[in-house]
Amino acid sequence: MALLRYESQVRAPLVDGTKDYHQVTEDICGPVEASPSRLWWIGFIISVGLLIFGIISVTMEVTYGVGQWNLNKTVGWGWDITNFVWWVGIGHAGTLISAILLLFRQGWRTGVNRAAEAMTIFAVMCAGQFPIWHMGRVWDAFFVLPYPNTRGPLWVNFNSPLLWDVFAISTYFTVSLLFWYSGLLPDLATLRDRAKLKWRKMFYGVASFGWTGSTKHWQRHEALSLVLAGLSTPLVLSVHTIVSFDFATSVVPGWHTTIFPPYFVAGAIFSGFAMVQTLLVVTRKVLKLEEYITIEHIDVMNKVIVLTGSIVGIAYLTELFIAWYGANGYEWYAFKENRVNINSPLGWSYYIMMGCNVLSPQIFWFRKMRRSITVTFFMSILVNIGMWFERFVIIVTSVYRDYLPSAWSTYYRPTIWEVGFFMGTFGLFFTCYFLFSKYFPVIAVAEIKHILKRSGESYKEKMDTLEQEDPEQFGQEHSHDHGA
Amino acid sequence: MAIREHFEIPKRFNTWSFALMGLGLISIVLLYITHGSSKDPHESARFWASLLQNSVYFLLVVNAAMFFICATTLAWGGWQMSFRRVSEAVSAAVPVMGVIGVVILLAIVFSDNHTIYHWADTEHVQHDEILNHKKGFLNKGFFTAWTLLTVVLWSVLGWKMRNLSRQSDGKQMSVEEGKKYMWKNTVWSALYLVVFALTVMSTIPWLWLMSIDAHWYSTMYSWYTFASTFVAGVALITLFVVYLKNNGYLEYTNEEHLHDLGKFMFAFSIFWTYLWFSQYMLIWYANIPEETKYFEPRVQGPYKGIFFLNIIINFIAPLLILMKRDSKRNYTTITFMAVLIIFGHWLDFFQMVHPAVSTDHVPMMLYDLGIALGFVGLIMFLTAKALTKAPLVPKNHPFFKESVIHHT
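Residues numbered from 1 in each chain as written. Chains lettered and ligands numbered in written order. Predicted model: local features only at pLDDT ≥ 70, side-chain atom pairs only at ≥ 80, totals over all residues. Heavy atoms only, no water.

S.K.: I tried to follow the overall build of chain B on my own but got confused; where do I start?
M.R.: For chain B, the helix and strand inventory stands at 17 helices and zero strands. Relative to a compact globule of 408 residues, whose C-alpha radius of gyration would be 22 Å, chain B shows 22 Å and is just as compact. On the principal axes, the C-alpha backbone points of chain B span a range of 70 × 45 × 40 Å. Looking at the 408 residues of chain B, the share that counts as buried comes to 63%. Long-range pairs, those at least 24 residues apart, make up 81% of the contacts in chain B between residues at least 6 apart in sequence. Across chain B, 30 positive and 26 negative side-chain charges occur, with their mean positions spaced 11 Å apart. (Helix = DSSP H or I, 4+ residues; strand = E, 2+ residues; numbered from the N terminus. Rg over C-alpha atoms; globule rule 2.2 N^0.38 Å. Buried < 20%, exposed > 50% of the residue type's maximum accessible area, 1.4 Å probe, protein only. Contact = heavy atoms within 4.5 Å. Lys, Arg positive; Asp, Glu negative; His and termini not counted. Charge placed at Lys NZ, Arg CZ, Asp CG, Glu CD.)

S.K.: Mind showing me how you'd approach the overall build of chain A here?
M.R.: Scanning chain A from terminus to terminus reveals 19 helices and zero strands. Its C-alpha atoms give chain A a radius of gyration of 24 Å, within 12% of the compact-globule value 23 Å for 484 residues. Classification of the 484 residues of chain A by burial places 57% in the buried group. Here chain A displays about 20,300 Å² of accessible surface, and carbon together with sulfur accounts for 68% of that area. (Areas by Shrake-Rupley, 256 points an atom, 1.4 Å probe, with all protein chains shown as cover.)

S.K.: What is the right way to read the packing of aromatic side chains from this model?
M.R.: Any two aromatic rings considered together are summarised by their centre-to-centre distance and by the angle between their planes. Applying the stated criterion across every chain, the model contains 96 aromatic pairs over all chains. Look at Phe-18 of chain B and Phe-381 of chain B: their rings are 5.4 Å apart centre to centre, the planes differ by 55 degrees, and that puts the pair in the tilted class. With Phe-18 of chain B in helix α1 (residues 11-36) and Phe-381 of chain B in helix α16 (residues 365-389), this residue pair connects regions lying 363 residues apart in the sequence. Note on Phe-381 of chain B: relative accessible area 24%, which makes it partly exposed. Across from the ring centre of Phe-399 of chain B, 3.9 Å away, lies the NZ or CZ of Arg-11 of chain A, which sits over that ring. Seen from the ring of Tyr-325 of chain A, Lys-134 of chain B lies directly overhead, with NZ or CZ sitting 3.9 Å from the centre. (Phe/Tyr/Trp six-rings, centres within 6.5 Å; stacked < 30°, edge-to-face > 60°. Lys NZ or Arg CZ within 6 Å of the ring centre and 35° of its normal.)

S.K.: What exactly am I supposed to notice about the interface of chain B and chain A here?
M.R.: Much of the literature gives interface size as the accessible area that the parts lose upon coming together. Each side of the interface is counted separately: chain B has 69 residues, and chain A has 61 residues. Between chain B and chain A, roughly 5,500 Å² of surface is buried when both sides are summed, and carbon and sulfur atoms account for 66% of that area. Of all residues in chain B, the largest losses of buried area upon contact with chain A belong to Thr-219, Trp-223 and Lys-401 of chain B, amounting jointly to 14% of the total for that side. Linking chain B to chain A there are three salt bridges. With a shortest N-O distance of 2.4 Å, Asp-260 of chain B and Arg-105 of chain A are connected by a salt bridge. Our count for the chain B to chain A interface comes out at 24 residue pairs in polar contact (both at pLDDT 80 or more). Listing elements by their share of the side of chain B that touches chain A, those giving two or more residues are α6 (129-134), α8 (175-208), α9 (221-246), α10 (255-286), α11 (289-292) and α17 (400-404) of chain B. (Buried area = accessible area lost by both parts, 1.4 Å probe. Salt bridge = Lys/Arg side-chain N within 4 Å of Asp/Glu carboxyl O. Polar contact = N/O pair within 3.5 Å; in protein donor to acceptor, adjacent residues only side chain to side chain.)

S.K.: How should the environment of Lys-198 of chain A be read in this particular structure?
M.R.: All names here are of chain A. Following the sequence through the fold, Lys-198 ends up in helix α7 (residues 198-207). We classify Lys-198 as exposed; its relative accessible area is 71%. Separated by 42 residues in sequence, Lys-198 and His-240 place their C-alpha atoms 44 Å apart.

S.K.: What is the right way to read helix α1 (residues 21-33) of chain A from this model?
M.R.: Think of an α-helix as 3.6 residues a turn; residues three or four steps apart then line up on the same face. All names here are of chain A. For α1, with 13 residues, the first-to-last C-alpha span of 18 Å sits near the 18 Å given by 1.5 Å per residue. The principal kink in α1, of about 30 degrees, is found at Asp-27, preceding the proline Pro-31 by one to four residues. Here α1 has its buried residues at Val-24, Thr-25, Ile-28, Cys-29 and Val-32. The inward-facing, buried residues of α1 abut α6 (161-194), α7, α15 (416-439) and α16 (445-455). (Expected span 1.5 Å × (residues − 1). Bend = angle between axes of the 7 residues up to and from the residue.)

S.K.: How do you make sense of the environment of Ala-12 of chain A when you look at a structure like this?
M.R.: All names here are of chain A. Residue position: Ala-12 is located in the segment before α1. Using a relative accessible area of 30% as the deciding quantity, one classes Ala-12 as partly exposed. With 448 residues separating them in the primary sequence, Ala-12 and Lys-460 have C-alpha atoms 9.2 Å apart. Among residues more than four places away in sequence, those in contact with Ala-12 are Glu-7, Glu-296 and Lys-460.

S.K.: Just checking my understanding: could you explain unusual backbone geometry for this structure?
M.R.: Most of the time, phi is negative for any residue but glycine, and the peptide bond is trans. All names here are of chain A. The linkage connecting Gly-152 with the following residue, Pro-153, adopts the cis geometry, with an omega of -5 degrees. Within the secondary structure, Pro-153 sits in the loop between α5 (109-134) and α6. In this model, Arg-105 sits at a positive phi of 55 degrees, which is unusual for a non-glycine residue.

S.K.: Would you take a moment to explain a nonpolar patch on the surface for this structure?
M.R.: Residues and elements named next belong to chain A. Together, Leu-39, Ile-42, Ile-46, Val-282, Val-286, Phe-377, Ile-381 and Ile-385 make up an exposed nonpolar region whose accessible area comes to about 660 Å². Following the sequence through the fold, Phe-377 ends up in helix α14 (residues 373-399). Of the residues examined, Phe-377 reaches a relative accessible area of 32% and is grouped as partly exposed. (Patch = residues over 30% accessible without salt bridge, like charges linked within 9 Å, V, L, I, M, F, W, Y side chains within 5 Å.)

S.K.: Explain the confidence of the model for chain B here, please?
M.R.: Within chain B, residue pLDDT values average 94, and 100% of them lie at 70 or more. Confidence, read as mean pLDDT per element, is least for α17 of chain B in chain B (89) and greatest for helix α4 (residues 94-110) of chain B (97). (pLDDT = per-residue confidence, 0-100.)

S.K.: What should I look at first to understand the nonpolar core in this one?
M.R.: With 263 residues, the main nonpolar core has Trp-87, Tyr-263 and Phe-273 of chain A together with Tyr-117 and Trp-208 of chain B as its most contacted residues. Looking at this core element by element, the count peaks at 19 residues for helix α2 (residues 41-74) of chain B. Non-local contacts of Phe-273 of chain A, meaning those with residues more than four positions away in its chain, are made with Ala-93, Leu-96, Ile-97, Trp-108, Met-301, Val-304 and Ile-305 of chain A. Of all hydrophobic cores here, the second largest spans ten residues; its members include Tyr-6, Leu-466 and Phe-474 of chain A together with Val-404 of chain B. (Core = buried A, V, L, I, M, F, W, Y, C linked by side-chain atoms within 4.5 Å.)

S.K.: What am I meant to see in the pattern of salt bridges here?
M.R.: Once their charged atoms are close, side chains differing in charge can pair, the charge on each being opposite to the other. Using the criterion set out here, one finds 29 salt bridges over all chains in the structure. In this structure, Glu-447 of chain A engages Arg-109 of chain A in a salt bridge whose closest nitrogen and oxygen atoms are separated by 3.2 Å. A residue pair is termed long-range when its members are at least 10 positions apart, and Glu-447 of chain A in helix α16 and Arg-109 of chain A in helix α5 qualify at 338 residues. As a salt-bridge pair, Arg-85 of chain B and Glu-88 of chain B come within 3.2 Å of each other at their nearest N and O atoms. Taken together, the residues Arg-85 of chain B and Glu-88 of chain B, both in helix α3 (residues 84-91) and three residues apart, mark about one turn of the helix. Glu-88 of chain B gets classed as buried once you look at its relative accessible area, which sits at 5%. Via salt bridges that share partners, Arg-84, Arg-85, Glu-88, Arg-166 and Asp-169 of chain B belong to a single interconnected network.

S.K.: What am I meant to see in the packing of α5 of chain A against α16 of chain A here?
M.R.: Relative orientation and spacing of two packed helices are given, respectively, by the angle between their axes and the distance between those axes. Residue and element names in this part refer to chain A. Two elements in contact, α5 and α16, have axes whose closest approach is 9 Å; the angle formed by their N-to-C orientations is 170 degrees. Put simply, α5 runs roughly antiparallel to α16. Between α5 and α16, the residues in contact are Arg-109, Thr-110, Gly-111 and Asn-113 and Glu-447, Ile-448 and Ile-451, respectively. When the residues that make up the contact of α5 with α16 are grouped by side-chain class, the tally is two nonpolar, three polar and two charged. (Axes fitted to C-alpha atoms, helices over the stretch in contact; angles between N-to-C directions. Parallel < 35°, antiparallel > 145°, perpendicular 65-115°, else oblique. Nonpolar A, V, L, I, M, F, W, Y, C, P; charged D, E, K, R; others polar.)

S.K.: Help me understand the environment of Glu-33 of chain A in this model?
M.R.: Residues and elements named next belong to chain A. Along the chain, Glu-33 falls in helix α1. Placed 167 residues apart in sequence, Glu-33 and Arg-200 show a C-alpha to C-alpha distance of 9.3 Å. Here Glu-33 is in contact with Leu-191, Arg-194 and Arg-200, once residues within four sequence places are set aside.

As structure tokens, then:
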């Protein structure tokens, strides 16, 4: 007999407490069916406020032109592109969790994947704003789409990594959205079936595309998940790789370096996980989901943070070392004088980057720190700040001093409308997240049920007999060698 | 039926490993006579370049087996427990391979022939502005110290990890003991990975390989080298797993495990390609002479054929052949692919080392292949010996049972 479900008791359970399938549904769907709390309203109103600030800032920029920002003749990319890269990076954790961790069969992903995927989609939406509004004449934005046209015909520049970005990000957004939404279908149907109000029934009825839960539906659903996971896996790598090409294909000192693609991807996963921690530490508390997003989940994600933070650290040091080793005067100057020199105008930002991204995550070598909610929350904010500064350092410190000192720009600082635009994307992001956490189950109900009887606390306790069985006997009973 | 825990080296296996080692020695001697003993520094460097390529490549490949163990330990991966001892046995070759590597590397650095490592020529460095700039890193003292330290650390930490694994052989652990045991494993694996990051993922490929083209540089180089040797390391583990299966060992390893090893070979072949592309494309796109210089003999010069063959073997073949589920579960295909991947990345190392030494022509590869087979024989010998020393399955490991029921 082949045993299909067994997990060592050495592994911590992924669902705490005594749960059955019904209880799981109750716990996760409950918050969706209840009226939002006062805290939710406060958060939501603040987010909408920020969003409005953002809309005003963008209106100013569109009305009066990009001159409303403090970009100048050498710093052509400033806060806008920094924010763009930062948001795209954040948008990596969701797909990593849903696709790559699915392929690696990491059971803990089920507790966090739904929220992380939603976050991914919102983050990519925010990221997309920056290059679009940066165009200035935004009404011509559709020029980036390559199609036979009456403008000459005027084609896009296929050699430009900026155009590759258009393709990469729109593909990524589409696939992430499909992945997230197809995963939602069974849960939306559950909500539909539980709905007591007519409008709710209608809303979730339409949203769940007529899901009945028949074997056939599940079969197609599983096949679709696997196909989408297969498609998403290269996308997780390709999106930030192509964003890194925006810089690395150039010959600008500090930008042109071959390690950029994998290092950007590692950094993106790093910042993505930090944002997932920020959101989930709050979400689990407010929605009382501590038994589903356990300390174990937080611990594991902190391990990912210390791992990716250290990979990024190795990349920073590699870059710095090779800048010296390469013996190219311009490259070395960009590093030595524009970054490492703390007395240079923007030198401080390099140290914020190093401190937040490389040094501070090392605290997570300690189990106690990984399992502390306060430390985790604080660290996740720190990493988010650090990763913003990473992009700021890469972009601004590389360009603010051009080759000729006569072309060195004045100290770049953003205007209120640049800041407002950035704040506006926070507004957009959190408005979406609040709506999501109100109207959708923040944890994948169906997927939790899938692992419940293997990794649920009360079920694991029942596996004592298997755990204590003699390994050889266990092997003979349960091995399923199909023959060589 | 009890588990067949003890591996006995079949006679045929020993014959083969000694025959291959013999072939390797003959190739070394022949190459020495035809090239190594020549007065022309370029001719004799061709001999040393071959030893360098082979010893460094195979050392990094067997060391990748320990990386595989530590990475899966840190990730708490249970599936590979049923063949864990095979990965351990492959990694047990590190000390011997390390000594060989150190001897060859130091012999090259301290010889009077500076064709391979220009930077070791103190006279020349004084007149070469760039090498003079780099001498803080590229000098004999640092090279020797760091190389020795690296090999010692790999060997010691690897030994510690294998030793820890043996500790589970006694009696079955309780859950609490299992947790403590995992904790100890985690600590040592983490330590190994830190050392790995500071050596394989950064400094060691710069020193041993990138410094052959001493003027040239690429930040990607070390990660690229890592990807190359890691995928070959997984392929090597796979080969031994298949061999043991075919001889009736490893009862609890089956197609499911093989399938996952195949997935690793598939995924990391593509990962290697990703790094290859990133490095090549960025240098091609920016078109800065001091960077493109490296690719000139490789893409436009005599090494053109090898350059493209490299991509075909290491990317196109795994992509097309390993994509299918069935091919990853088939003993024949997976064996073929493992051999192809090990050869493919050997070829990759060939084009990393030789163009700087034999700039105007591709050296005749038969000698190098002979030497490579000698190293293969040595690895076979060392791994088999290590396999006899421990039970073939760590049956009391907390995750062993998970591995038994593993479904991919």
